[in-house]
Amino acid sequence: MMRPWWQPTATAAALALLCVSCADSPDSSKTAEQAEPFASQYQPLPSTPTLIKNATLLLGNGERIDNGQLLLVDGKINAVGTNVDAPENATVIDASGKWVTPGIIDAHSHLGVYPSPGIESSEDGNEMVNPDTAYAWAEHAIWPQDPQFPLALAGGVTTLHVLPGSANLFGGRSVTIKNVPARSVMEMKFPDAPHGLKMACGENPKRVYGDKGGPMTRMGNVAGYRKSWIEAQRYRNEWKKYQDVLAAADGDELAVIDKKPERDLRLDTLAAVLDGKILIQNHCYRAEEMAIMIEIAKEFDFEISMFHHAVEAYKVADLLAENQICAAMWADWWGFKHEAYDMIFENIPFVDKASVTKTVDGEPVELKGCAVVHSDSALGIQRLNQEAAKAMAAGNRAGLNIDEAHAMRWLTENPAKAIGIDDKVGTLTVGKNADVVIWDRNPFSVYAHADKVFIDGALMYDRFDAAKQPKTDFDLGLTAGGMR
């Protein structure tokens, strides 16, 4: 039986008592990492130093550099500017007339869990057996051979956050993966990326479970959330009490075995949320339901990282900014069910432009909105640049004066923040992973194509080289050589 994340071995507990000041030492960190089940086995592919020059750079943080140069070395961004020297052995790419951006991050994807071809036997995204299936992990259902992965790569997508479906109040853990060919999901998992927990508001849970014992109404939905969080608090406290008893017994597990709580995979996940180790990713369309979810988070002392499909986010944009919650939205997909009806085309830019000033330690602090463009679609993920372009145009028609450099944040920096990897990717910043896209023109043009896509400095896709266009095993024999 695996240990919960907070339960050390007897040896580790004894060492902790002897070496409290060493708690953050590299050795103790390594032990915790090794205890993570299904840990990342991702290994970057070999890369050569590469200088991309004479390009228009959109850094992903709102900044733009014309006639810029970008140097990739050892899988990292090594230098950015207008006068960058290349090492002697560097591959030099003249990107005159082209644009360069960070790799696109789709913060809401079901690739791998709803693979192509879309047949019932491979639909593994919704564990619709109980309103609370927080014990399920999306990564256990991902099919790395899904031919949709390389199609997303051709659209410049280097990182995906794959979630369970939205049938349940608690759908299970989501996972962040690199868009690379692999035999197993462990070989795709983004190193050190936190899990998410998929929650769902509104129509879906009550539609699925209304005639199966409930919830039947939105009242029932909220009661269901609160009931599970109460259980999670109790479970977490039981394990903390056990840790105190174990420490008093000098880490002798056998001496206190009768005090040990029973392991529960569902409550493991919820307790980890309460401890800040798992991020809440909340499917929620309507404004008043987002406000209710924020109150639930306050009641049980956890944070919501992002609302997904937030069609009415513009109505509570100030509330989202105040609570530092991102909103993942479509540019113009709406009206397919009642709760998706009250969308406006300016939803994304209105959330982006929200700003609230709070007083912190006697000083005014401006809190800004966090807008994310997501796909939730195997087709939409191939053209996320166009989705952002549509939202940018809607914002400009409303007089918001949004340029390409700013809108690129919706595809890179903001989703990286919402899924907890913004210290590693999302902007062309020195020291971050070299996930980079070279576009043949302004990426907000409807005619734009990704010419080259790099992941950790390795060239993973080249529009003009069939040998650099990954194909899954399923694709072999079905796709003409290199044709996309």
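Residues numbered from 1 in each chain as written. Predicted model: local features only at pLDDT ≥ 70, side-chain atom pairs only at ≥ 80, totals over all residues. Heavy atoms only, no water.

Enquirer: How should the layout of surface pockets be read in this particular structure?
Expert: Once rolled over the atoms, a probe with the size of a water molecule shows which space is left empty. There is about 500 Å³ of room inside the second largest pocket. Around the second largest pocket, the lining comprises 23 residues; the ones closest to its centre are Phe 302, Glu 303, Ile 304, Ser 305 and Asn 323. Taken together, the elements giving at least two residues each to the lining of the second largest pocket come down to helix H6 (265-274), helix H7 (287-300), strand E11 (304-308) and helix H12 (413-418). With three residues, H7 is the largest single contributor of residues to the lining of the second largest pocket. Residues of the lining of the second largest pocket, tallied by class, amount to twelve nonpolar, four polar and seven charged. (1 Å grid on protein atoms, 1.4 Å probe; cavity = no way out; pocket = protein on both sides within 12 Å on 5 of 7 lines; lining within 4 Å. Points joined across faces, edges and corners; volume = space filled by probe spheres on them. Helix = DSSP H or I, 4+ residues; strand = E, 2+ residues; numbered from the N terminus. Nonpolar A, V, L, I, M, F, W, Y, C, P; charged D, E, K, R; others polar.)

Enquirer: Honestly, H6 in this entry has me stumped. Any pointers?
Expert: Residues spaced three or four apart along an α-helix point in a common direction, a consequence of the helix completing one turn every 3.6 residues. Across the ten residues of H6, nine count as buried, placing the element largely inside the fold. Restricting attention to buried positions, one finds in H6 the residues Arg 266, Leu 267, Asp 268, Thr 269, Leu 270, Ala 271, Ala 272, Val 273 and Leu 274. Those residues of H6 that are buried are in contact with strand E8 (170-178), strand E9 (196-200), helix H5 (218-248), strand E10 (279-283) and H7. Between the side-chain oxygen at the start of H6 and the backbone nitrogen of Arg 266 there is a gap of 2.9 Å, and the oxygen is on Asp 264. Positive backbone phi, at 80°, marks Gly 276, one or two positions downstream of H6. (Buried < 20%, exposed > 50% of the residue type's maximum accessible area, 1.4 Å probe, protein only. Contact = heavy atoms within 4.5 Å. Polar contact = N/O pair within 3.5 Å; in protein donor to acceptor, adjacent residues only side chain to side chain.)

Enquirer: Just to check I follow, could you spell out the sheet that holds strand E12 (residues 326-329) for this structure?
Expert: Each strand in a sheet pairs with its neighbour through backbone hydrogen bonds, running either in the same direction (parallel) or in the opposite one (antiparallel). An order of E6-E7-E8-E9-E10-E11-E12-E15 is seen for the eight strands of this open sheet, with the pairing classed as mixed. Of all strands in the sheet, those bounded by a partner on one side alone are strand E6 (104-109) and strand E15 (371-373). The sheet shows a mean angle of 25° between the axes of neighbouring strands, taken without regard to direction. Examined bridge by bridge, E8 and E9 share four bridges and lie antiparallel to one another. (Pairing = 2+ DSSP bridges. Axes fitted to C-alpha atoms, helices over the stretch in contact; angles between N-to-C directions.)

Enquirer: I keep staring at the nonpolar core and nothing clicks. Help me out?
Expert: Counting residues in hydrophobic clusters, the biggest one holds 91 residues, and the most contacted among them are Leu 197, Trp 229, Phe 302, Phe 307 and Trp 410. Sequence-distant contacts of Phe 302, that is, excluding residues within four places in its chain, are made with Trp 229, Val 273, Leu 274, Ile 280, Ile 296 and Ala 297. Residues Ile 52, Ile 65, Ile 77 and Ala 434 belong to the second largest nonpolar core, which totals 16 residues. (Core = buried A, V, L, I, M, F, W, Y, C linked by side-chain atoms within 4.5 Å.)

Enquirer: What should I look at first to understand unusual backbone geometry in this one?
Expert: Peptide bonds are, in most cases, trans, and in most cases residues other than glycine have a negative phi. For the peptide bond that leads from Ser 116 to Pro 117, omega is 5°, which places it in the cis range. The topology assignment puts Pro 117 in the loop between E6 and helix H3 (148-154). In the segment running from Gly 214 into Pro 215, the intervening peptide bond is cis, with an omega of 15°. The topology assignment puts Pro 215 in the loop between helix H4 (203-209) and H5. For Asp 250, which is not glycine, the phi torsion reads 55° and is therefore positive.

Enquirer: What is the right way to look at H5 in this model?
Expert: A rise of 1.5 Å per residue sets the reference length of H5, with its 31 residues, at 45 Å; its end C-alpha atoms lie 46 Å apart and thus fit the reference within 8%. Turning to H5, its buried residues are Asn 221, Gly 224, Tyr 225, Ser 228, Trp 229, Ala 232, Tyr 235, Trp 239, Tyr 242, Gln 243 and Leu 246. By the N-cap criterion, in which a side-chain oxygen at the helix start approaches the backbone nitrogen of a residue two or three places on, H5 is capped by Thr 217, the distance to Met 219 being 3.2 Å. In the stretch just after H5, Asp 250 is the one whose phi turns positive, near 55°. (Expected span 1.5 Å × (residues − 1).)

Enquirer: Before we go on, may I ask you to explain the confidence of the model for the chain in this structure?
Expert: Reading fine detail from the predicted coordinates is not recommended where pLDDT is low. This prediction gives the chain a mean pLDDT of 92; 92% of its residues lie at or above 70. pLDDT under 50 marks residues 1-34. Its contacts with residues more than four places away, or in other chains, come to 39 contacts. (pLDDT = per-residue confidence, 0-100.)

Enquirer: Quick question: what am I supposed to make of the environment of His 161 here?
Expert: Within the fold, His 161 resides in strand E7 (residues 157-162). On the basis of relative accessible area, His 161 is assigned to the buried category, the value being 1%. Separated by 32 residues in sequence, His 161 and Ala 193 have C-alpha atoms that sit 9.9 Å apart. Filtering out sequence-adjacent residues up to four positions away, His 161 remains in contact with Asp 106, Ala 107, His 108, Ser 109, Ser 174, Val 175, Thr 176, Gly 196, Gln 281 and Ile 419.

Enquirer: Sorry if this is basic, but what is going on with the pairing of strand E17 (residues 450-455) here?
Expert: Looking down a regular strand, the side chains alternate between one sheet face and the other. For E17, the tally of buried residues reaches five of six residues, placing the bulk of the element in the interior. The pairing of E17 with strand E18 (residues 458-462) spans four bridges and is antiparallel. Looking at the pairing, Ile 455 lines up with Ala 458 of E18. The turn linking E17 back onto E18 is made up of two residues, and Asp 456 within it adopts a positive phi angle of 50°.

Enquirer: How should I be thinking about the state of the cysteines in this particular structure?
Expert: Linking two cysteines covalently through their sulfur atoms gives a disulfide. Taken as a whole and judged by the stated rule, the model has two disulfides. Shown here is the disulfide that connects Cys 201 with Cys 284, its sulfur atoms set 2.3 Å apart. An S-S torsion of about -95° defines the bridge between Cys 201 and Cys 284 as left-handed. With Cys 201 in the loop between E9 and H4 and Cys 284 in the loop between E10 and H7, this residue pair connects regions lying 83 residues apart in the sequence. Here the two residues Cys 201 and Cys 284 agree in accessibility, since each one is buried. One disulfide in the model links Cys 326 with Cys 370; its S-S distance is 2.1 Å. Because the torsion about its S-S bond is 80°, the bridge between Cys 326 and Cys 370 counts as right-handed. With Cys 326 in strand E12 and Cys 370 in the loop between strand E14 (363-368) and E15, the pair connects residues that are 44 residues apart, well separated along the chain. On the basis of relative accessibility, which here comes to 2%, the residue Cys 326 falls in the buried class. (Disulfide = S-S within 2.5 Å.)

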